[in-house]
Amino acid sequence: MSEEKIIKAIKFGILSPELIRKMSVTAVVTPDVYDEDGLPVEGGVMDPRLGVIEPGQKCSTCGNTIASCPGHFGHLELVRPVIHVGFVRYIYDVLRATCRRCGRLKLPEDELNKYLDLLKRLEGRWPLLARGLTDYVKRKAMKVVECPHCGSRQFKIKLEKPTTFIEEGPEGPRRLWPTDVRSRLERVPNTDLRLLGHDPELSRPEWAVLTVLPIPAISVRPSILLETGVRSEDDLTHKLVDIIRTNERLRESINAGAPEVIIEDLWDLLQYHITTYFDNEAPGVPPAKHRSGRALRTLAQRLKGKEGRFRGNLSGKRVDFSARTVISPDPNLSINEVGVPEEIAKILTVPERVTPWNIDVIRRYVLNGPYKHPGANYVIDPTGRRIDLRYIRDLKAIAESLKPGYVVERHLVDGDIVLFNRQPSLHRMSIMAHVVRVLPGKTFRLHLAVCPPYNADFDGDEMNLHVPQSEEARAEARVLLLVQEHILSPRYGGPIIGGIQDYISGAYLLSSKTTLLSKEQVSDLIASSGYRGSIPEPAVLSPKVLWSGKQIISLLLPQDFNFRGKANISAGPLKCDDEECLWDSYVVIKRGKLLLGVLDKKTLGAQQPENILHWIAKEYGNSFCREFMDGIFKLSLRYIEMRGFTMMLTDVLLPNTAIKEINELLDNAKKKVFELIEMYRRGELEPVPGRTLEESLEIKIMEVLADVRDEAGEIAAKYLDPFNNVFIMARTGARGNILNITQMAAILGQQSVRGERIRRGYDHRTLPHFKPGDIGPEARGFVRSSFVSGLSPIEMFFHAAGGREGLVDTAVRTSQSGYMQRRLINALQDLRVNYDLTVRTPDNEVVQLIYGEDGVDPARSSYGKAVNVDRIIERVVGWRL
Amino acid sequence: MSSKSSKKKFNILEHELVPKHEVLTKEEAVELMKSLGIGPERLPWIRASDPVVKALGAKPGDIIKIVRKSPTAGESVAYRFVVSG
Ligand SMILES: [Mg+2]
Ligand SMILES: [Zn+2]
Ligand SMILES: [Zn+2]
């Protein structure tokens, strides 16, 4: 074993020509790649000394095979120097800050000494200030027009993108060729370079003008053998061939004494090829293309962007022991669990070390082999030899040979812990640990209560699953990442996991006053919830023993739990602010008994702070809260199944009288709109302050039309049964709202694009069905129909136009907020809250003296506040206050 | 820091939107650095050209204590290390 080395620092610099030659194993001299026999040409870009290509071959440079040969650099001697695109800015700065004749920094000697002295003191301790000083020196020197050292006049130098320098001398502009640039840079002394912020040991500026080009190893640009037998070369190889060919032509032209213009053209061509070799997206350079027209992917393109080396291969990598498939719901699981298809469970493995206590179980796994479910795929003996069970005929022998110390990679089984993730992973609840349940089928199954944290639905969503491979990772997953540990979200002090949709409808129906249950029903419900106690005294004895739904729910509540709060249905005519509630819309739980009120979104829903789930999680622990949720959600679903719950046409069908009423309302509104238009035409319309007359008219029309929809909605609500299924869902918060019902039953209303009535399309009209200049309601996107009555084709078009805007908005918003999130995370990812509650960077810089000003963990707060005094009083004093 | 401009201007430290700023004494500064286990340059920086630093008359190397009103914590304390510039 070699000695362990620790990296203390990394310094970046420019390769010097000498270093490039020293690194090189061979000079590349010819643009030919392969000879007639298809063998790589010596001195070509595929020279075998640059590294092995074929498996089994030995490297002629280092003697290693393909697996261990790192590849070796070659080099190309350039006939004429060429500017490196990556360094033009630095070259430009140095050229302007130094004298064109003597190469000194254009500041007087005493000043230079003063700054150098200051720089030495700043370096190390104040790197940021040192940077500021060098910038200042550079800017000051650039302004000088006469060299204080040799007295020669200085001329303005212009940079013509990407790599051409032009000096505007007294005889007019003159091009500075890379040779001129290089000789000027060579003259700058080391001490002056330091003041410009360079480290001359690592990067002399003239090294940025290339005289030698390193040729990267073949392993960096491997060629691919196509099925047709044709060899396809890497983009870099293509580019290198171009460079060498141009270099050779330039050499021949010079040797043949060709005219200066031809030589300069070839020189520029060489510059172009080398520029695009480094960066094929450099501004001002036409990108080099393939014959097919595809732009070449050269060095900079390999590093840049989402799929580049940094973001694609270093910040994020593809991993083993992971799986991805479609998700589907399973209300029979615990919220802590995930259903894994058997097919996947047979591929993902957990390494388990054989001990005297598990040897029997593991033997059974090995006997089952890789193709039968609770089986195993590999056996690793204590010497580290891997036995692939797919190729073993006698599994029995292997099973018998197992001894403590062996490791068996067994299939995923019930009870294993795995990480489950849905992109985009915007918060920490996007990756949580679940307990495995191996199930038939081909989808991952998850409990519906964990949909909110993942933001998942089942319209084709896919999710990823990862199997931790070490004891530490598994322990961390169980203790920190398990779903139940994330019931309370740090995004806001409250539960992010909780009831949605049918769980809420079900809890409402079960807890409503009218629900009375027979003994059979009670037994059924209790069995489904997992409650293992005795049945309470019935609420009604005669003529039949009956239990109330509230009694059943109370069985799951902790004995000493108290709660008071408004229900979601407490609104409009059913509003209640305290216990004296005729509508059962104020919830009171006293000593674990649900006495008053119905359970709905406010009390049992996800993302509802300070509800029952929040207090149970805080006061009885996450584990208990999970058990409670599993129980009450199964109870709700069982009851909603028993009772039956659906949505039907008659739920949103209005009687004729109501339709007549609405039609009258609409006719009136239309009349009002035409009156407004008339007033506007006559010039009698009162303008809204700060608006033009046209804008005022639009505003007033929109007001009238918005009002009429609200009024129509009220009429619809008046005629519909508030206890029908659709209304129950809207009132309890299970799904939908009153506006949705209005749009189904009564009227869709005004469709808008960018907050205005729809007006674009044809000249002075939205569609050819209208007269030009028509600004009446129908011509501008007012939809009079409801979803029940059906939309006319024109109405349907306006509705689609309004809907499209929403889609565009979400598409734009997600991309923008995604980029914002990336920047935030990059800035904050290494900050840490220390034991003294200070927030510090890894360099021990203090960012906050106390985390978040108050040291409060929002996940343990109630709605952002550290303590909720009312809740404490309620708990101590009891329900009475 | 021209006397011409500072003469007639109001004192920004008295503006209601400016939290309380004060310069720490040598002893207080040493005590703070000891309790945090860091050098002063590990605190967030504030430039000497910052209006509030000029109003306080603080010099590079000083530490400024800022006491703000906080809706959640009542009062929150922050420190800034004055740098030249
Ligand atoms: Mg979806
Ligand atoms: Zn090699
Ligand atoms: Zn000079």
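From a predicted model like this one, the values you see are computed outputs, not experimental measurements.

Cut-offs and rules
Residues numbered from 1 in each chain as written. Chains lettered and ligands numbered in written order. Predicted model: local features only at pLDDT ≥ 70, side-chain atom pairs only at ≥ 80, totals over all residues. Heavy atoms only, no water. Donors = N, O, S within 2.8 Å, 3.2 Å for Na, K, Ca; no water. Tetrahedral: all angles 85-135°; square planar, octahedral: opposite > 155°, others 65-115°. Helix = DSSP H or I, 4+ residues; strand = E, 2+ residues; numbered from the N terminus. Phe/Tyr/Trp six-rings, centres within 6.5 Å; stacked < 30°, edge-to-face > 60°. Buried < 20%, exposed > 50% of the residue type's maximum accessible area, 1.4 Å probe, protein only. Lys NZ or Arg CZ within 6 Å of the ring centre and 35° of its normal. Contact = heavy atoms within 4.5 Å. Buried area = accessible area lost by both parts, 1.4 Å probe. Salt bridge = Lys/Arg side-chain N within 4 Å of Asp/Glu carboxyl O. Polar contact = N/O pair within 3.5 Å; in protein donor to acceptor, adjacent residues only side chain to side chain. Nonpolar A, V, L, I, M, F, W, Y, C, P; charged D, E, K, R; others polar. pLDDT = per-residue confidence, 0-100.

## Quick notes on the coordination of the zinc ion (ligand 3)
Residue and element names in this part refer to chain A.
Here is step 1: Only Cys99 (SG), Cys102 (SG), Cys147 (SG) and Cys150 (SG) from the protein coordinate the zinc ion (ligand 3), and they sit 2.2 to 2.4 Å from it.
Here is step 2: If you look at the zinc ion (ligand 3), its four donor atoms make angles of 104 to 119° with each other, and the shape they trace is tetrahedral.
Here is step 3: Read in sequence order, the donor residues for the zinc ion (ligand 3) give the motif C-x2-C-x44-C-x2-C.

## Considering unusual backbone geometry
All names here are of chain A.
Here is step 1: Across the junction of Lys161 and Pro162, the peptide omega takes the value 0°, indicating a cis bond.
Here is step 2: Tracing the chain through its elements places Pro162 in the loop between β2 (156–160) and β3 (164–169).
Here is step 3: Cis rather than trans, the peptide bond between Ser542 and Pro543 has omega equal to 5°.
Here is step 4: Structurally, Pro543 is set in the loop between α17 (519–529) and β21 (547–548).
Here is step 5: A positive phi angle, close to 60°, is found at Gln607, a residue other than glycine.
Here is step 6: You can see Gln607 is positioned in the loop between α19 (601–604) and α20 (612–620).

## Structural notes on the packing of aromatic side chains
Residues and elements named next belong to chain A.
Here is step 1: According to the stated counting rule, one finds 12 aromatic pairs over all chains in the structure shown.
Here is step 2: Ring centres 6.0 Å apart and planes at 65° place the aromatic pair Phe797 and Phe798 in the edge-to-face group.
Here is step 3: Exposure remark for Phe798: the relative accessible area of 1% places this residue in the buried category.
Here is step 4: Taken together, the ring pairs in this structure connect Phe561, Phe563, Tyr620 and Phe624 into an aromatic cluster.
Here is step 5: Taking the ring centre of Tyr819 as reference, the NZ or CZ of Arg823 above it sits at 4.4 Å.

## Overview of the interface of chain A and chain B
Here is step 1: Of the residues lining the interface, 12 residues belong to chain A; the matching set on chain B comes to 16 residues.
Here is step 2: Of the roughly 1,300 Å² buried between chain A and chain B, counting both surfaces, carbon and sulfur atoms make up 60%.
Here is step 3: Counting across the chain A and chain B interface gives zero salt bridges.
Here is step 4: Across the chain A-chain B interface, the total number found is five residue pairs in polar contact (both at pLDDT 80 or more).
Here is step 5: Across the side of chain A that touches chain B, the residue classes tally to four nonpolar, two polar and six charged.

## What to know about the confidence of the model for chain B
Low-pLDDT stretches of the model should not have their predicted coordinates read in fine detail.
All names here are of chain B.
Here is step 1: Taken residue by residue, chain B gives an average pLDDT of 87. The fraction at 70 or more is 89%.
Here is step 2: Predicted confidence in chain B is weakest over helix α1 (residues 3–8), with a mean pLDDT of 53, and strongest over strand β1 (residues 20–23), with 94.
Here is step 3: Listed scores for the predicted complex are pTM 0.77 and ipTM 0.88.

## Digging into the coordination of the zinc ion (ligand 2)
Here is step 1: At this site the zinc ion (ligand 2) is bound by Cys59 of chain A (SG), Cys62 of chain A (SG), Cys69 of chain A (SG) and His72 of chain A (NE2), with donor distances of 2.0 to 2.3 Å.
Here is step 2: Positions of the donor residues of the zinc ion (ligand 2), expressed as sequence spacing, correspond to C-x2-C-x6-C-x2-H.

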